[in-house]
Amino acid sequence: MVTDFILPDIGEGIVECELVKWLVQEGDFVQEDQPVAEVMTDKALVEIPAPNSGRVAKLYYREGDTAKVHSPLFAVDMTGAAKAANEESVPVAADKQADSKPVAESKPAPASQPAGKNGNDFILPDIGEGIVECEIVEWRVAEGDHVEEDQPVVDVMTDKAVVEIPAPRAGRIVKLHYGKGDIAKVHTPLFSFAADGAAAVATPAKVNGDSAPKAACLASSAQKPAQVSGRVKVPASPAVRRLARELSLDLNRVPGSGKHGRVLKEDIHKYQKSLQADAAPAQSKAPETPASVGEVRVEPIRGVRAVMAKRMVEAATTIPQFTFGDEVDVTALLALREQLKPEAEKAGVRLTLMPFIMKAMAMAVMQHPIMNSRVNDDCSEIHYLPHCNIGMAVDSKVGLLVPNVKHVERRSILDIAREVERLTNAARDGSVRQDDLKGGTISISNIGALGGTYASPIINMPEVAIVALGKTQTVPRFDSEGSVVARSIMNISWSGDHRIIDGGTIARFSNMWKSYLQDPTSMLLHLS
């Protein structure tokens, strides 16, 4: 029975994609969930798996073609799939019987097989939706090192975040298959290791040359792994380990204040300050040296920055954008926040202005739903979205990320504050979930947190509006009696999609949002 595989929805608002690479050929037998093709959307590279086991009957596109969502991508013949699977496995078994090479000369296991128990390749697993490759950021071990189970081995960077890959079990690192900065493919060997306690693999009695000593040495090292002097697995979270690496600190030297000596972020900062205090006298006596003239450093644009570059160019060249600027008096809002901060702290939440800004925006959207909409590809339809998912741009170490708070219209100020804190921390340490990056309907760029006053933000497609918040400044203003008073003023800069939003629309929306911020108690009348 030949069945067409219909290209499914592979992303919000995506109706087509480019066929980047076929991973199989017509006539190949594929297992269920085996990668068949790589396709590129306007957001990311996506891997398409086989829905069932069978033989590939037809590939409907060539590499470089544009495939449409909801149209056939390839066809699979599931007739006699079990028989074909058995036929495929026979040569492999025969090869294994015939193979009489010693362990030291054997080839790595194929990428389709899992990591072996007796010292095999660790296969890079699926590390996120649609992610088929990643960049090697940093090896945490070297060839020959002994590792404990779950000990971090390598940091890899996808187009979304930095991911820490741990050791599957205790053993010795035999080989690192990639160098720092290389691109590793999912389902291919990442590193090889010999597990502790693995049984020695039998070798032929007669071996030419010096292969026998090598094989014996490998078997011996598998049975008795050498201990790395001074290395202790320090209890700490991946985020704490990453922070220690960024600050070039030896985690083994940091006193842990957590349970069972667990090292916390506060311990890292405290230890760093102590080192800086010790180094201060020596630094004050160091002679000044002129800056050296270096060469131009070149690095490839990858990961989040590559995706951001593509999307920003697309947004700037396909959307006619215009900017609307204004200022907001947040004096009363700051006073209300100070009043509510103690209650929020009792609930374990850090209260900033952002939750109020988001809530006021969601309430203004209810009166101006076009600000919370999107258009189809040929701009012949406006799709009004049922929920207000407000994105916030976060300057993370891997690039600009825009996680969003879902259903702001339903949430309380305290609940929004809790979610803002979670998303900000996750984005900055590279652990933000992909679901948190999807589904945004309107965005905020808080450039003022870095000291900026004005900006012209680029719309985060497929949204139709974004606002940049400038820093809050205390400036003189006239009150209703003509007296000069000090007020807290925040500048705002809106960018709108001029295909469906005009100046009057964004001005009326901004004025309503501004009125809630300038008189925050007025929001009480409309809170649901």
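This section reports on the structure supplied with the text. (Residues numbered from 1 in each chain as written. Predicted model: local features only at pLDDT ≥ 70, side-chain atom pairs only at ≥ 80, totals over all residues. Heavy atoms only, no water.)

**Focus: the sheet that holds strand β24 (residues 442–445)**
- The strand order β17-β26-β25-β24-β20-β23 describes an open sheet built from six strands, whose pairing is mixed. The open sheet has two edge strands with one neighbour each: β17 (321–329) and β23 (404–405).
- The pairing of strand β25 (residues 465–478) with strand β26 (residues 484–497) spans twelve bridges and is classified as antiparallel. Looking at the pairing, Phe478 lines up with Val484 of β26.
- Most of the contacts of helix α7 (residues 354–367) go to β24, to which it runs at about 150 degrees, and overall it touches β20 (390–392), β23, β24, β25 and β26. (Pairing = 2+ DSSP bridges. Helix = DSSP H or I, 4+ residues; strand = E, 2+ residues; numbered from the N terminus. Contact = heavy atoms within 4.5 Å. Axes fitted to C-alpha atoms, helices over the stretch in contact; angles between N-to-C directions.)

**Some words on the pairing of strand β12 (residues 152–157)**
- The buried fraction of β12 amounts to six of the six residues, a majority that puts the element mostly inside the structure.
- Sheet topology note: the strand β10 (residues 133–139)/β12 ladder contains four bridges and is antiparallel. When the sheet's bridge partners are listed, Ile136 is paired in β12 with Val156. (Buried < 20%, exposed > 50% of the residue type's maximum accessible area, 1.4 Å probe, protein only.)

**Some thoughts on the environment of Asp435**
- Tracing the backbone shows Asp435 in helix α9 (residues 434–437).
- Given a relative accessible area of 52%, Asp435 falls into the exposed group.
- Along the backbone, Asp435 and Asn404 are 31 residues apart, and their C-alpha atoms lie at a distance of 9.1 Å.

**Describing unusual backbone geometry**
- Residue Pro462 follows Met461 across a cis peptide bond; omega there is 5 degrees.
- Note on placement: Pro462 falls in the loop between β24 and β25.
- The backbone of Cys379 shows a phi angle near 55 degrees, a positive value even though the residue is not glycine.
- By secondary structure assignment, the location of Cys379 is in the loop between β18 (373–375) and β19 (382–384).

**Overview of the packing of α7 against helix α10 (residues 503–518)**
- Two elements in contact, α7 and α10, have axes separated by 9 Å at closest approach and are oriented at 140 degrees. For the element pair α7 / α10, the angle class is oblique. Handedness of the α7/α10 crossing: right-handed. Mapping the contact onto sequence places Phe356, Ile357, Ala360, Met361, Met363, Ala364, Val365 and Gln367 in α7 and Phe509, Met512, Trp513, Tyr516 and Leu517 in α10.
- Split by residue class, the contact of α7 with α10 holds twelve nonpolar, one polar and no charged. (Parallel < 35°, antiparallel > 145°, perpendicular 65-115°, else oblique. Left-handed = near helix turned anticlockwise from the far one by under 90°. Nonpolar A, V, L, I, M, F, W, Y, C, P; charged D, E, K, R; others polar.)

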